[in-house]
Amino acid sequence: MFNLGSMFNLGPSEPVVGKASILLECPARQVFKFIGENLFLNYPRWSPEVKELEQITNGPVCLGTIARQVRVDQGHRSESKFRITIYEPDRRLAFAGISDPFRCIYELQDEHHPGSARLFFKFELLEIQMVMRPFEPMIRTAVQGGAERTVQNIKRLVESEPGA
């Protein structure tokens, strides 16, 4: 049988991954409080592409918390819902798209000298829409740049907070 999808290699795309890490001059506890416990206050601060952010579930941020966001990335407006999939205080926070195939992972490691932590960030776009596949190299570049900006923004904000 004729399969147009396999002829043009139109199966699932490879995930687009952006990774970055940075040394922060504050303890992992303080960083996690900023990115995890205070996610709904601070996420738009370190990711200015987030124009609207709404917690859908009630209570403090925890495993299973659901949110809705509106983003404007390079002029493109998108709305999505995501769920907290990992919530390990002072160590890891991750959320994944419910309505769109993406995942964000923030991981903290205490450094050898007291009062410092290393932040590892990974963003994964798990699928590229068919219409966007011709632009995949540009998308990969933008995602990597976004990962690097994310850790820089978090560093700048967390280190400038009182008690840093």
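Within any chain, residue numbers begin from 1 and follow the written order of that chain's sequence. Local features in this predicted model are restricted to residues whose pLDDT is 70 or higher, and side-chain atom pairs enter the listing and the counts only when it is 80 or higher, whereas totals over whole chains, interfaces and linings include all residues. Side-chain measures here rest on the full set of heavy atoms in the structure, leaving out hydrogens and waters.

**Considering the overall build of the protein chain**
Here is the rule: To qualify as a helix, a DSSP run of H or I must reach at least 4 residues; to qualify as a strand, a run of E must reach at least 2; elements of each kind are numbered from the N terminus. Here's how the labels work: a residue is buried when its accessible area is under 20% of the maximum for its type, exposed when over 50%, partly exposed in between, all with a 1.4 Å probe on protein chains only. Contacts between residues were defined by any pair of non-hydrogen atoms, one from each residue, lying within 4.5 Å. Each accessible area is a Shrake-Rupley result for a 1.4 Å probe, and residues are judged covered by the shown protein chains and nothing else. Here Asp and Glu are counted as negative and Lys and Arg as positive; His is not counted, and neither are the chain ends. The location of each charge is read from NZ of Lys, CZ of Arg, CG of Asp or CD of Glu.
Within the protein chain, the regular secondary structure consists of 4 helices and 7 strands. Start at the N end of the protein chain and walk to the C end: the helices and strands fall as α-β-α-α-β-β-β-β-β-β-α. In terms of its C-alpha atoms, the protein chain occupies a principal-axis envelope of roughly 65 × 35 × 30 Å. The burial tally for the protein chain puts 37% of its 164 residues in the buried class. By sequence separation, contacts in the protein chain at least 24 residues apart represent 50% of the contacts at least 6 residues apart. Accessible surface, the protein chain as shown: approximately 9,400 Å² in total, 56% of it carbon and sulfur. Across the protein chain, the mean location of the 20 positive side-chain charges is 2 Å away from that of the 20 negative side-chain charges.

**Regarding the packing of helix α2 (residues 28–37) against helix α4 (residues 136–160)**
The line we're drawing: What counts as an axis is a line fitted to C-alpha atoms, over the stretch in contact for a helix, and the angles between N-to-C directions run from 0 to 180 degrees. Orientation is classified from the angle alone, with under 35 degrees giving roughly parallel, over 145 giving roughly antiparallel, 65 to 115 giving roughly perpendicular, and any other angle giving oblique. In this scheme the crossing of two helices becomes right-handed for a clockwise turn of the near helix relative to the far one and left-handed for an anticlockwise turn of less than a right angle. Three classes are used: nonpolar for Ala, Val, Leu, Ile, Met, Phe, Trp, Tyr, Cys and Pro, charged for Asp, Glu, Lys and Arg, and polar for all others, with Gly counted as polar.
One can describe the packing of α2 onto α4 by two numbers: an axis separation of 10 Å at closest approach and a directional angle of 115°. On the basis of the axis angle, α2 is roughly perpendicular to α4. Pair α2 / α4 crosses with right-handed handedness. Where α2 approaches α4, its residues Q30, V31, F34 and I35 are matched on the opposing element by I154, L157 and V158. Grouping the amino acids of the contact of α2 with α4 by side-chain chemistry returns 6 nonpolar, 1 polar and no charged.

**With respect to the sheet that holds strand β2 (residues 50–55)**
Rules: Note on pairing: DSSP must find at least two bridges between two strands before they are called paired.
Pairing is antiparallel in the open sheet, where 7 strands are placed in the order β1-β7-β6-β5-β4-β3-β2. Because the sheet does not close on itself, it has two edges, and the strands there are β1 (16–24) and β2. The sheet shows a mean angle of 20° between the axes of neighbouring strands, taken without regard to direction. Note: β2 against strand β3 (residues 66–73), 5 bridges, orientation antiparallel.

**Regarding the pairing of β3**
Counting buried positions along β3 yields 6 of 8 residues, so the element is predominantly enclosed. Pairing of β3 with strand β4 (residues 76–88) involves 8 bridges; the strand directions are antiparallel. Of the residues in β4, the one forming a bridge with I66 is R83. Hairpin remark: β3 followed by β4, antiparallel, with 2 residues in the connecting loop; positive phi at Q74, about 50°.

**Let's talk about the side chain of R71**
Test applied: Any pair of N or O atoms that falls within 3.5 Å is considered a polar contact. Within protein, one atom must be able to donate a hydrogen and the other to accept it, and sequence-neighbouring residues count only if both atoms are side-chain atoms.
With respect to the element layout, R71 can be found in strand β3. A polar side-chain atom of R71 sits 3.2 Å from a polar atom in the side chain of Y43. At a separation of 3.4 Å, a polar atom in the side chain of R71 contacts the side chain of S47.

**Quick notes on the pairing of β4**
As defined by bridge partners, β4 adjoins strand β5 (residues 92–97) across 6 bridges and the pair is classed as antiparallel. Looking across to β5, one finds that F82 is bridged to G97. Hairpin remark: β4 followed by β5, antiparallel, with 3 residues in the connecting loop; positive phi at D90, about 70°.

**A few points about the packing of α2 against helix α3 (residues 39–46)**
Think of two packed helices as two axes; the pair is described by the angle between the axes and how far apart they sit. Axis separation between α2 and α3 bottoms out at 6 Å; the angle between their running directions is 95°. On the basis of their axis angle, the class for α2 and α3 is roughly perpendicular. Of the residues in α3, those in contact with F34, I35, G36 and E37 of α2 are L39, N42, R45 and W46.

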